[in-house]
Amino acid sequence: MKYQELFREENNAVRERYDLTMERIGSMTTEETVEAPFRDYFRQVSEFIRMTGDFYHVVESGAWEKADLAGMQEWNKRLYADILPEHYEESYGNPAFAVKTLGDGYGQLLSFLYAEIRGQIVFATESRLTEMTILNETFIEIYNLFEGEMPTAEAVKDVLYWFVSDYSDLTVTYRVREGLDASLSFIKDIIMDSDLSDVRYLYRFGEYVSQAELDIAVFMNGLPQETVDKMADTYTEGYRKGFEVMGRDIGRKKTVAIRCELGFERMVRKAVENFRAMGMEPILFRQAVWSINRNPNRKIGFHGTSPNKQYDYDHRYDSAIYMRKALTDRKLAVLKVAYEAYRKQASEYAGPAVIETFGEDGFSPVNKPEALSLSEKQEKLSLTLANDSARIVNQYIPGDETSFTIIAFPRPEIGKDFQEIFEETIRINTLDYEKYKVIQQRMIDVLDRAEHVEVTGKGENHTDLRISLHTLAQPEKQTNFENCVADINIPLGEVFTSPVLRGTSGLLQVSSVYIGDIQFRNLKMRFEDGMIQDYSCDNFGLGEEEQKSGRELVKQMILKNHDSLPMGEFAIGTNTVAYAMAQKFGIIDKLPILIVEKMGPHFAVGDTCYSWSEDAATFNPNGKEIIARDNEVSILRKEDVSKAYFSCHTDITIPYRELDCITAVTEDGERLPIITDGRFVVAGTEELNKPLEKCID
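Residues numbered from 1 in each chain as written. Predicted model: local features only at pLDDT ≥ 70, side-chain atom pairs only at ≥ 80, totals over all residues. Heavy atoms only, no water.

An unreviewed UniProt entry lists the protein under the name Leucyl aminopeptidase, with Hungatella hathewayi WAL-18680 given as the organism.

**Q** For this particular structure, what's the right way to read unusual backbone geometry?
**A** Leaving glycine out, the prevailing phi sign among residues is negative, and the prevailing peptide bond configuration is trans. In this structure, the amide linkage connecting Ala36 to the following residue, Pro37, adopts the cis form with an omega of 5°. Among the secondary structure elements, Pro37 is positioned in the loop between α2 (8–27) and α3 (38–61). At Asn522, a residue that is not glycine, the phi angle is positive and equals roughly 50°. Structurally, the position occupied by Asn522 is in strand β11 (residues 518–528). Residues other than glycine seldom take positive phi values, yet Asp529 does so here, at roughly 50°. Its place among the elements puts Asp529 in the loop between β11 and β12 (531–536). (Helix = DSSP H or I, 4+ residues; strand = E, 2+ residues; numbered from the N terminus.)

**Q** Looking at this structure, how should I read the nonpolar core?
**A** Generally speaking, nonpolar side chains in soluble globular proteins are found buried as a group. Among the nonpolar cores identified, the biggest contains 211 residues, and Phe422 and Phe520 are the most heavily contacted of them. In terms of residue count, the dominant contributor to this core is α3 (10 residues). Once you skip the residues sitting within four places of it in the chain, Phe520 turns out to touch Ser511, Ser512, Val513, Ile515, Cys537, Asn539, Leu553, Val554, Met557 and Ile558. Among the nonpolar cores identified, the runner-up in size contains five residues, and Cys484, Ala571, Tyr610 and Ile626 belong to it. (Core = buried A, V, L, I, M, F, W, Y, C linked by side-chain atoms within 4.5 Å. Buried < 20%, exposed > 50% of the residue type's maximum accessible area, 1.4 Å probe, protein only. Contact = heavy atoms within 4.5 Å.)

**Q** What is the right way to look at the sheet that holds strand β8 (residues 482–484) in this model?
**A** Backbone hydrogen bonds are what pair the strands of a sheet, in a parallel or an antiparallel way. The strand order across the open sheet built from five strands is β8-β9-β13-β14-β16, with neighbouring strands paired in antiparallel fashion. Looking at the sheet topology across the chains shown, the edges are occupied by β8 and β16 (649–653). Strand-to-strand twist in this sheet, taken as the mean axis angle between neighbours without regard to direction, amounts to 25°. As judged from the five bridges shared by strand β13 (residues 567–573) and strand β14 (residues 601–606), these two strands associate in the antiparallel manner. Across the sheet, residue Ala571 finds its bridge partner in β14, namely His602. This element, helix α22 (residues 433–447), spans β8, β9 (494–497) and β13 of the sheet and lies at about 155° to β8. (Pairing = 2+ DSSP bridges. Axes fitted to C-alpha atoms, helices over the stretch in contact; angles between N-to-C directions.)

**Q** I tried to follow the domain arrangement of the protein on my own but got confused; where do I start?
**A** By a widely used convention, the size of an interface equals the accessible area lost when the partners come together. By domain assignment, the protein separates into domain 1 (3–151), domain 2 (185–364 + 373–407) and domain 3 (447–693). Taking the mean C-alpha position of each, domain 1 and domain 2 sit 26 Å from one another. On the domain 2 side, the residues contacting the 34 residues of domain 1 number 27 residues. Counting the surface lost from both domain 1 and domain 2, the interface buries some 2,700 Å², and carbon and sulfur atoms represent 66% of this. For the pair domain 1 and domain 2, the interface holds two salt bridges. (Domains from an automatic or database assignment. Buried area = accessible area lost by both parts, 1.4 Å probe. Salt bridge = Lys/Arg side-chain N within 4 Å of Asp/Glu carboxyl O.)

**Q** When you look at a negative patch on the surface in this model, what are you seeing that I'm missing?
**A** On the surface, a cluster of negative charge is contributed by Glu544, Glu545, Glu546 and Glu552. Along the chain, the position of Glu545 falls in helix α23 (residues 544–557). (Patch = residues over 30% accessible without salt bridge, like charges linked within 9 Å, V, L, I, M, F, W, Y side chains within 5 Å. Areas by Shrake-Rupley, 256 points an atom, 1.4 Å probe, with all protein chains shown as cover. Lys, Arg positive; Asp, Glu negative; His and termini not counted. Charge placed at Lys NZ, Arg CZ, Asp CG, Glu CD.)

**Q** I keep staring at the packing of aromatic side chains and nothing clicks. Help me out?
**A** Two numbers describe a pair of aromatic rings. These are the distance of the centres and the angle of the planes. Tallied over the full model, the rule gives 39 aromatic pairs. On the numbers, 5.5 Å between centres and 20° between planes, the contact of Phe409 with Phe422 is stacked. Note that Phe409 is positioned in strand β4 (residues 405–410) and Phe422 in helix α21 (residues 418–429), a separation of 13 residues in sequence. This pair shows no difference in class: Phe409 is buried, exactly as Phe422 is. (Phe/Tyr/Trp six-rings, centres within 6.5 Å; stacked < 30°, edge-to-face > 60°.)

**Q** Would you take a moment to explain the packing of helix α13 (residues 186–193) against helix α16 (residues 265–277) for this structure?
**A** Each pair of packed helices can be described by the angle between their axes along with the distance between the axes. Relative to each other, α13 and α16 sit at 100°, their axes nearing to 9 Å. It follows from the interaxial angle that α13 and α16 lie roughly perpendicular. In contact with Lys188, Ile191, Met192 and Asp193 of α13, α16 contributes Glu265, Val268, Arg269, Val272, Glu273 and Arg276. The residue makeup of the contact of α13 with α16, split by class, is four nonpolar, no polar and six charged. (Parallel < 35°, antiparallel > 145°, perpendicular 65-115°, else oblique. Nonpolar A, V, L, I, M, F, W, Y, C, P; charged D, E, K, R; others polar.)

**Q** Help me out: how do you make sense of helix α8 (residues 106–117) in this one?
**A** In an α-helix, one turn spans 3.6 residues; hence positions three or four apart end up facing the same way. Counted at 1.5 Å a residue, the expected span for α8 with its 12 residues is 16 Å, and the 16 Å between its end C-alpha atoms agrees. For α8, the buried fraction is high: 12 of the 12 residues fall into the buried class. Taken together, the buried positions of α8 are Tyr106, Gly107, Gln108, Leu109, Leu110, Ser111, Phe112, Leu113, Tyr114, Ala115, Glu116 and Ile117. Contact partners of the buried residues in α8: α3, α7 (95–102), α9 (120–125), α10 (129–147), α11 (153–166) and α17 (309–314). (Expected span 1.5 Å × (residues − 1).)

**Q** I'm lost on the pattern of salt bridges in this one. Help?
**A** If charged atoms from side chains of opposite charge come close, those side chains can pair. Enumeration according to the criterion identifies 50 salt bridges in this entry. For the salt bridge of Arg330 with Asp169, the shortest nitrogen-to-oxygen distance reads 3.3 Å. Of this pair, Arg330 sits in helix α18 (residues 325–341) while Asp169 is found in helix α12 (residues 168–178), placing the two residues 161 residues apart along the sequence. A relative accessible area of 43% means that Asp169 is categorised as partly exposed. One salt bridge in this structure joins Arg449 and Glu670, with 3.4 Å as the shortest N-O distance. Pair noted here: Arg449 is in the loop between α22 and β5 (452–457) and Glu670 is in the loop between β17 (659–665) and β18 (671–676), with a separation of 221 residues, a long-range link. Arg449 sits in the partly exposed class, given a relative accessible area of 47%. On the accessibility criterion, Glu670 (39% relative accessible area) is partly exposed. Among the charged side chains, a network of salt bridges with common partners joins Glu126, Arg128, Glu131, Glu207 and Arg286.

Right, dumping it as structure tokens:
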């Protein structure tokens, strides 16, 4: 494979070291120099390392590409078996089991080490021998500690800290490179060169392959080419339009990052061809493997179905082991050097084009006391690290020079109506751009007369919000709301603004909403002058302890561990066709926020939609400039950029069925209804109600 040639010289240079480590690790399975209960841990992990070593030789020899389907499936099952739900309760990848077996302190540390070592599956698949070697050497170093007098947990932690810190030159730099360097083409080569009608190709990526991936690949193979082309064309044309509507020059860009999920390779192949026709070479990189590069709240990059979402959740804060000021400073220094090394590639990078999926059952996490968590000091360090990292990235990839697009499709797990839902999703992804542009402008014309907007829920939804708007100095040339049709966010259907924080107050309540993999139930947020003052959810129950766990979940997944966040966006979704589809099939609780945000008013907490590009003039199709690009927090960038951004933007939608009214209120108190009893009432928007009339709420 072309990709593997890039690492041949490097692999040859490290091969002797690797062979020595494998010889040493092989002897651990019979030695008794480590006392129980730790002996069992080292034997099991050494057996896993030997298995990945065997797999590496299968890949390196070329036998992997020639293996039959049954052989590939057997390898995939063996490599991921230990953390699958049916085995997880007795896996050292499970912090609860590790602590129960090895003791508090030791258990968490050794579970982290095993989670890092499980990255060898990817490294073996991609023939990256250096990474496998450093993991082996670290494992041996920890083993040696336990061969003598029993080490303290602090001594073990110290070794792991220096392992993460010392190798950050490699791990962080490679993460930057794989996001910018189109020559790192492992995933792209498989997609472009394989016979996609032969599902064996799925196993060549090194990801866990569930029945869902097999089903979606088979389904995609059965689609007419014109349907696949339509899916890809909508996606890539939306990306191009994003540059056009923002007034940015796509002609200066040479690369685009495709972020997708396993199973959609036939669409991705066509998208690669489309992007190449635009003069851009696609980059496809995998979700982060090393803990130091992972985002605890989402997967960024190519990935398959998680073998176990609880395993991912249990390890989301493994960084607690090494989150220190010295480490964050080092990571930032490495990040800066890496971007400087890839300065040219960064300047040519256009931004991400994302394909999401939906349809899986909601994940209800278990909060385990044995799992690692960040201290209050570490939370602050991690937030500072995220903000400082974002500033470095923006220095080399300015936000006002890039764009993005996102599109979503259902997975077979959505149920028996999967094929019909898939066809309906294609339809809502390709609604008439021009028709919605006109309808939405009618709404904006009314909203632009307002000083503030009021939003209220109905029934058991007690939402009662007042959203302050910017003052238009020149209403004939300016607007508060962006007319969003099918470009960066597909499907079309919203008008949005960055509210004025002062005076934006009240309660936001939603019965159900997905944030990442987690479905939040009865989510509540209270705002005061645009900032979150209180929050809760009922995911764990209504008791005092259950509500405390719910607050912790909201803080982790929505506030991203900030004490508070501003309301960065207020929007009104207009895609009633999508809402009607959701009601028809009973899947509103399975749709991603990308679609749900178009199905009612939504509110984003965190940065505005214009973060890092507020100074770039943006215009609606009618030529009016959108002036609501800042709020009282983002404008602080002019004084101290560290106070202006939160490195997050999370949408929360009230569906039409829970919505009573949206009313624009002018400075002199005139009330201009936008939606009344869940129906659009602005002249010229009546057609949006037709799909709603077919719904049974």
